[in-house]
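One-letter residues, chain by chain:
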Amino acid sequence: MDIEVLKTMQILTQTKSFSKTAEIQNIVQSTVSARIAELEKTLGQKLFTRDNQHVSLTQSGLMFLPYAQHILEDFENGKARLNSAAFFDDRLVIGNTYSALPNLLFPVYHEYLRCFPRISVKAVAGHSTDILQSLVDGVIDIAIVYQLPKIRRFTTFLCNEEDFVFVCPPGDPLASQAEMPVKDLGKINLLFHNWGGVFSDWMAQLLPGSRWFHANIGNPSFIVSLVEEGTGSAILTRSTVKKALIRNSVVEIPFAGSPLPPRWQTYIVVHPKRLTRQPVRDWLDIMSKHDLTAVPI
């Protein structure tokens, strides 16, 4: 099947316009129409409905689109592999939660890249649900997430378990407190990151209903920087604030009272077939050296 035809289908799906698709591909509009007609003839199915104003996928088009995208991805990966053969023997694609990538996994990436210079590593950052979907789709080799997968065919390891800590700037009046009663958290205008899962359940017990915070930020490392600059206080995982605590740029105040925050777990998820690949095994070995793998769940 012609790759250019599949590219035209993908772009037309995004633009919903024959003229815009032609412009993007630097071809005439009649060529776009001819390519779609050729694809529909090959498949024996109508893929698009169109009139003077609207272009949309039919039910058959919706069913076929993921397969077309996989073909395009495989083609691009194969082309990249050929172009990179002189420099690399293989490739490893790792999906990481945003906060685990710079904090928990830095030493693992550092050692792996040093030990295996002939392996090309691609790090993809995202939310747990998105990363797990990429694993299901076969786009990544290893997922490092905060959420247990619901599909049992994957092999899952407990990667890390840690506590949540309350931190504030050294010059903040809170820094003189010996402890932070959890019942008082509702009085503090936090720099907030929603970790989700059991953390969200815990916060819902303390702050029932919807509530705004001083800042609600998706990047925990950015929150650490704000705390260091004296902007406010935050609740973060210990690995996120470890370096800041070592350099004394933030102050930890131990939690007290009930309910105390839950323990936070990070998981490694791999398809069993991927475990036979040497780059995957080498990655897991290095994680184990850094005490970041345990018995499969």
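Right above here is the structure, for reference.
Residues numbered from 1 in each chain as written. Predicted model: local features only at pLDDT ≥ 70, side-chain atom pairs only at ≥ 80, totals over all residues. Heavy atoms only, no water.

Draft legend 1. Broad picture of the pattern of salt bridges. Under the definition given, this model contains 14 salt bridges. In this structure, the salt-bridge partner of Glu-40 is Arg-50, at a minimum N-O distance of 3.3 Å. Here Glu-40, found in helix H3 (residues 29-43), pairs with Arg-50, found in strand E1 (residues 48-50); they are 10 residues apart in sequence, far enough to count as distant. Across the salt bridge formed by Asp-163 and Arg-238, the nearest N and O atoms sit 2.9 Å from each other. In this pair, Asp-163 is assigned in the loop between strand E6 (155-162) and strand E7 (164-168) and Arg-238 in helix H9 (residues 238-246), connecting sequence segments 75 residues apart. According to the relative accessible area criterion, Arg-238 is partly exposed, its value standing at 28%. (Salt bridge = Lys/Arg side-chain N within 4 Å of Asp/Glu carboxyl O. Helix = DSSP H or I, 4+ residues; strand = E, 2+ residues; numbered from the N terminus. Buried < 20%, exposed > 50% of the residue type's maximum accessible area, 1.4 Å probe, protein only.)

Draft legend 2. Representation of the packing of aromatic side chains. Under the criterion given, the structure shown has 14 aromatic pairs. With a centroid separation of 4.9 Å and an interplanar angle of 40°, the aromatic rings of Tyr-112 and Phe-116 are classed as tilted. Ring centres 5.9 Å apart and planes at 55° place the aromatic pair Phe-199 and Trp-202 in the tilted group. Highlighted residues: Phe-199 and Trp-202, both in helix H7 (residues 197-206), separated by 3 residues, approximately one helical turn. Taken as a pair, Phe-199 and Trp-202 share a single burial class, namely buried. Connected via pairs of aromatic rings, a cluster forms that spans Tyr-146, Phe-164, Phe-166, Phe-192, Trp-195, Phe-199, Trp-202, Phe-213, Phe-255 and Trp-264. It is Lys-243 that lies over the ring of Phe-106; its NZ or CZ is 5.1 Å from the centre. (Phe/Tyr/Trp six-rings, centres within 6.5 Å; stacked < 30°, edge-to-face > 60°. Lys NZ or Arg CZ within 6 Å of the ring centre and 35° of its normal.)

Draft legend 3. A look at the side chain of Thr-8. Relative to the helices and strands, Thr-8 is located in helix H1 (residues 3-15). Within the structure, the side chain of Thr-8 is placed 3.0 Å from the side chain of Arg-35, a separation counted as a polar contact. Ignoring anything within four residues of it in the chain, the contact list for Thr-8 reads Thr-21, Gln-25, Val-32, Arg-35 and Ile-36. (Polar contact = N/O pair within 3.5 Å; in protein donor to acceptor, adjacent residues only side chain to side chain. Contact = heavy atoms within 4.5 Å.)

Draft legend 4. Representation of the sheet that holds strand E3 (residues 90-97) within the structure. The 5 strands lie next to each other as E4-E3-E5-E14-E6, forming an open sheet whose pairing is mixed. Two strands bound the open sheet, and with one partner strand each, they are strand E4 (119-126) and E6. Looking at each pair of strands side by side, their axes are set apart by 20° on average, direction ignored. The pairing of strand E5 (residues 142-145) with strand E14 (residues 264-270) spans 4 bridges and is classified as antiparallel. When the bridges of E14 are listed, Ala-143 appears paired with Val-269. Against the sheet, helix H5 (residues 106-115) touches E3 and E4, its axis set at about 160° to E4. Its contacts with the sheet put helix H6 (residues 128-136) on E3, E4, E5 and E14, and the angle it makes with E5 is roughly 165°. (Pairing = 2+ DSSP bridges. Axes fitted to C-alpha atoms, helices over the stretch in contact; angles between N-to-C directions.)

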